[in-house]
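Next come the chains, spelled out residue by residue.
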Amino acid sequence: MIDGNENEDFEDGFMFALFVAESMGFQLNIDALAERLRDIVSGKMTLIPSAADAIASIEKDAGKRLPDNLRESTRKALSNRADLDKANKLRAITVMRMMGVGMES
């Protein structure tokens, strides 16, 4: 935390991420973002892949097998998907509040 206010820090970080994405040519679609956030909150989707899927994706992108220590780090980092999903649901709710949108489409 920069100033001791976790919510403000999160909001600043979120806005920073949007500005970075925009500077890379990402076009923000508020309606699509709101719908994706609703899907995360409702549990229709997860942002967290299984360890096997994450490793396969990284190896495909890299064009080679990950070293064993990185494979193990990835497995460890994604071992508790339920807690990661719960944290992402809370983040999605916070962003929805910031955007002024609710659970209804």
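Overview of the structure.

1. Describing the packing of helix α2 (residues 30–42) against helix α5 (residues 81–99)
Relative placement of two packed helices is described by the angle separating their axes and the distance separating the axes.
Here is step 1 of the chain: Between α2 and α5, the shortest axis-to-axis distance is 9 Å and the interhelical angle comes to 145 degrees. For the element pair α2 and α5, the recorded crossing hand is left-handed. Within the contact between the two elements, α2 uses Ile-30, Leu-33, Ala-34, Leu-37, Arg-38, Ile-40 and Val-41 and α5 uses Asn-88, Lys-89, Ala-92, Ile-93, Val-95, Met-96 and Met-99.
Here is step 2 of the chain: Per-class residue counts for the contact of α2 with α5 are eleven nonpolar, one polar and two charged.

2. Some thoughts on helix α3 (residues 51–62)
Note: α-helices contain 3.6 residues per turn, so residues at a spacing of three or four share the same orientation.
Here is step 1 of the chain: Between the first and last C-alpha of α3 there are 16 Å, a value that for twelve residues agrees with the 16 Å anticipated at 1.5 Å per step.
Here is step 2 of the chain: Every buried residue belonging to α3 is among Ala-51, Ala-54, Ile-55 and Glu-59, and all of these are buried. The buried residues of α3 all sit within an arc of 125 degrees when viewed along its axis, so they share a single face. Of the exposed residues in α3, the ones pointing more than 90 degrees away from its buried face are Lys-60 and Asp-61.
Here is step 3 of the chain: Buried positions along α3 lie against α4 (68–77).
Here is step 4 of the chain: Of the residues one or two after α3, Gly-63 is the one with positive phi, at around 75 degrees.

3. Brief notes about a nonpolar patch on the surface
Here is step 1 of the chain: Side chains of Phe-16, Val-20 and Met-24 sit close together on the surface and give an oily, nonpolar patch of about 350 Å² of accessible area.
Here is step 2 of the chain: Topologically, Val-20 is positioned in helix α1 (residues 6–23).
Here is step 3 of the chain: The exposure class assigned to Val-20 is partly exposed, which follows from its relative accessible area of 33%.

4. As for the layout of surface pockets
It is a probe the size of a water molecule, rolled over the atoms, that shows where empty space is left.
Here is step 1 of the chain: Empty space within the largest pocket amounts to approximately 320 Å³.
Here is step 2 of the chain: Considering the residues around the largest pocket, the lining is formed by 17 residues, among which Phe-14, Leu-33, Leu-37, Leu-47 and Val-95 are closest to the centre.
Here is step 3 of the chain: Elements with a contribution of two residues or more to the lining of the largest pocket: α1, α2 and α5.
Here is step 4 of the chain: With five residues, the top contributor of residues to the lining of the largest pocket is α2.
Here is step 5 of the chain: Of the residues in the lining of the largest pocket, the class split is 13 nonpolar, two polar and two charged.

Conventions we followed
Residues numbered from 1 in each chain as written. Predicted model: local features only at pLDDT ≥ 70, side-chain atom pairs only at ≥ 80, totals over all residues. Heavy atoms only, no water. Axes fitted to C-alpha atoms, helices over the stretch in contact; angles between N-to-C directions. Helix = DSSP H or I, 4+ residues; strand = E, 2+ residues; numbered from the N terminus. Left-handed = near helix turned anticlockwise from the far one by under 90°. Contact = heavy atoms within 4.5 Å. Nonpolar A, V, L, I, M, F, W, Y, C, P; charged D, E, K, R; others polar. Expected span 1.5 Å × (residues − 1). Buried < 20%, exposed > 50% of the residue type's maximum accessible area, 1.4 Å probe, protein only. Arc of directions from axis to C-beta. Patch = residues over 30% accessible without salt bridge, like charges linked within 9 Å, V, L, I, M, F, W, Y side chains within 5 Å. Areas by Shrake-Rupley, 256 points an atom, 1.4 Å probe, with all protein chains shown as cover. Salt bridge = Lys/Arg side-chain N within 4 Å of Asp/Glu carboxyl O. 1 Å grid on protein atoms, 1.4 Å probe; cavity = no way out; pocket = protein on both sides within 12 Å on 5 of 7 lines; lining within 4 Å. Points joined across faces, edges and corners; volume = space filled by probe spheres on them.

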